[in-house]
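Fold and geometry: a report
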Amino acid sequence: MRLNGKLALSGKSVEIEVCGEKVQSLREIKSTNDEIWIAPPLIDIQVNGFAGYNLNAEDVTPNDVNRIIRSLWKVGTGFLCPTVTTGSFERMAKSLGAIITACEDAEIDRSVVGIHVEGPYISPEDGPRGAHAKQHVRKPDWDEFQRWQEVADGQICMVTLAPEIEGAIPFIEKLRANDIIIALGHTNATKDDIDAAIKAGAQLSTHLGNGAHALIPRHPNYIWEQLAADELWASLIVDGHHLPPSVVKCMMRAKGLSRCVLVSDAVFLAGMPPGRYQFTDREVELTPDRCVRLVGTDYLAGSAIELVRGVENSVRFAGISLEQSIALATNQPARLLGITDRVDIDEGREANLIVFRWDKSACQIDLIMTMLGGEVVYQNKIESKG
Ligand SMILES: [Zn+2]
């Protein structure tokens, strides 16, 4: 298969020939059509569900995981960390088991680049806890975590926790010794807690600016402290609800793009019509403008966007280029996870890419194709006729 377009990460116009699983040749050509872009598939390090399927449902099945991942290919997300959130030991183990069983399908396995466990070792306080169920929030327990890692076949690669809770710092040290990425989130940490976590090996702030109190002291506070810590990367939910446009712009400039990663934090409502839904044991509402809230509160309960919309919004909100924005959802998470070879579009590499049309004036990406390991896993039928 031969593809022509502009490479989003380098800006070069190229002709790519894909043969079998690999890019057989890549040669630079004179720009023919500026609107067609080629980029690596998007990598989402925080996905709780999609298209009506919830990874954290009591009755989650491997088929649900399969449906989530195949639906994500249709919106340009080729790689992800399925995210298992706060619950009982058994419920979280069930989610982990469903992911691992789903990975017996080689196509699904190729897309799962690790598992993110968010909670249950987080702040019990209203606000920082977000939509995580209070009765399941608890102190870090290394034995419990090891049992999860066993169920997960060692695939847990990232843990989001609150560093201020009892036992968190030694727990972070153990995670680090096991090459697991430690993210701070759903936290009410002081500067000292954050400093201690960094010293123990914390590398990331999960959805910085969210999982927070509605009102906090203007300074100091845990948002400024994490924003100022150069050791910490930040993941950001750029759906227009979780962070106002001005905050996205300021955070990206303060943190620097080389330490920012876009996440969808999508819950099962992504891709569903507006309305009230049951979400684990809480009732949530999806508004017509794609905002998910716990009914009767101002607390957001995950997002209902696709990561590709976060890429568009970052261009709109932060005044960055498409190339820079694409990197926030491809090269950046790949660097964080240590999988940059998966997003390197070059001769001899595995052919992982998306092809899209970019409408600069509308800031809109129209996906034409998703290719993983040389296989077309999604093709827009209307586009491909043209
Ligand atoms: Zn969260």
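All of these numbers come straight from a predicted model, not from anything done at the bench.

Next up on the list: the overall build of the chain. Within the chain, the regular secondary structure consists of 12 helices and 21 strands. Relative to the 2.2 N^0.38 estimate, which gives 21 Å for 386 residues, the radius of gyration of the chain is 20 Å and therefore close to what a compact globule would have. Its C-alpha atoms put the chain at 60 × 45 × 45 Å along the principal axes. Out of the 386 residues in the chain, the part that is buried amounts to 57%. Within the chain, contacts between residues separated by at least 24 positions form 67% of all contacts whose residues are at least 6 apart in sequence. For the chain, the exposed area adds up to about 15800 Å²; of that, 47% sits on carbon and sulfur atoms. Here the chain contributes 39 positively and 52 negatively charged side chains, and the mean placements of these two sets differ by 4 Å.

A few words on the coordination of the zinc ion. In this structure, Glu118 (OE), His186 (NE2) and His207 (NE2) serve as the protein donors to the zinc ion, at separations of 2.1 Å. Read from N- to C-terminus, the donor residues coordinating the zinc ion fall into the pattern E-x67-H-x20-H. One end of the pair, Glu118, is in strand S9 (residues 115–118); the other, His207, is in the loop between strand S12 (204–205) and helix H7 (222–228), with 89 residues separating them in the sequence. Judged by relative accessible area, His207 falls into the buried class, the value being 3%.

The biggest cluster of nonpolar side chains holds 108 residues, and the ones touching the most others in it are Phe145, Met252, Leu337 and Phe356. Of the residues forming this core, the biggest block, eight residues, is contributed by helix H2 (residues 89–102).

Our next topic: the domain arrangement of the chain. Looking at the chain, the domain boundaries give domain 1 (2–39 + 344–385) and domain 2 (42–339). Taken together, the 20 residues of domain 1 in the interface contact 22 residues of domain 2. Contact between domain 1 and domain 2 buries roughly 1700 Å² in total, counting both sides, with carbon and sulfur atoms accounting for 71%. On the domain 1 side of the interface with domain 2, the three residues burying the most area are Cys363, Ile365 and Leu372, jointly 32% of the side's total. With its nearest N and O atoms 3.4 Å apart, the salt bridge here joins Glu375 to Arg110. At the boundary of domain 1 with domain 2, the tally comes to seven residue pairs in polar contact (both at pLDDT 80 or more).

Inspection of the entire model under this criterion finds 15 salt bridges. For the salt bridge of Arg138 with Glu144, the shortest nitrogen-to-oxygen distance reads 2.9 Å. Since its relative accessible area comes to 6%, Glu144 is described here as buried. Each of Arg70, Asp105 and Glu107 takes part in a single network of salt bridges with overlapping partners.

This paragraph deals with the pairing of strand S5 (residues 42–47). In terms of burial, S5 is a largely internal element, six of the six residues being buried. Note: S5 against strand S8 (residues 77–85), four bridges, orientation parallel. If you follow Val47 over to S8, its bridge partner there is Pro82.

This next bit is on the environment of Thr340. Relative to the elements of secondary structure, Thr340 occurs in the loop between helix H11 (331–337) and strand S19 (353–359). A sequence separation of 193 residues divides Thr340 from Arg147, and the C-alpha atoms of the two residues are 29 Å apart. Among residues more than four places away in sequence, those in contact with Thr340 are Asn331, Ala334 and Arg335.

On to helix H1 (residues 62–73). Helix length check: H1, at 12 residues, gives a terminal C-alpha distance of 17 Å against a target of 16 Å (1.5 Å per residue), a fit within 8%. Among all positions of H1, only Asp64, Val65, Asn66, Ile68, Ile69, Ser71, Leu72 and Trp73 are buried.

Here eight strands make up an open sheet; going across it, the order is S5-S8-S9-S10-S11-S12-S13-S14 and the pairing parallel. Only two strands of the sheet have a single neighbouring strand rather than two, namely S5 and strand S14 (260–263). Here S8 runs beside S9; their pairing, made up of three bridges, is parallel. Considered in S9, the bridge of Val84 is made with Val117. Across the face of the sheet, H2 comes into contact with S8, S9 and strand S10 (156–161) while running at roughly 160° to S8.

With respect to the helices, strands and loops of the structure, Ser314 is situated in helix H9 (residues 307–318). A polar atom in the side chain of Ser314 sits 2.8 Å from the backbone oxygen of Gly310. If we skip the residues at most four places from it in the chain, Ser314 touches Val238, Met252, Leu262, Gly319, Ile320 and Ser325.

Analysis parameters
Residues numbered from 1 in each chain as written. Predicted model: local features only at pLDDT ≥ 70, side-chain atom pairs only at ≥ 80, totals over all residues. Heavy atoms only, no water. Helix = DSSP H or I, 4+ residues; strand = E, 2+ residues; numbered from the N terminus. Rg over C-alpha atoms; globule rule 2.2 N^0.38 Å. Buried < 20%, exposed > 50% of the residue type's maximum accessible area, 1.4 Å probe, protein only. Contact = heavy atoms within 4.5 Å. Areas by Shrake-Rupley, 256 points an atom, 1.4 Å probe, with all protein chains shown as cover. Lys, Arg positive; Asp, Glu negative; His and termini not counted. Charge placed at Lys NZ, Arg CZ, Asp CG, Glu CD. Donors = N, O, S within 2.8 Å, 3.2 Å for Na, K, Ca; no water. Core = buried A, V, L, I, M, F, W, Y, C linked by side-chain atoms within 4.5 Å. Domains from an automatic or database assignment. Buried area = accessible area lost by both parts, 1.4 Å probe. Salt bridge = Lys/Arg side-chain N within 4 Å of Asp/Glu carboxyl O. Polar contact = N/O pair within 3.5 Å; in protein donor to acceptor, adjacent residues only side chain to side chain. Pairing = 2+ DSSP bridges. Expected span 1.5 Å × (residues − 1). Axes fitted to C-alpha atoms, helices over the stretch in contact; angles between N-to-C directions.

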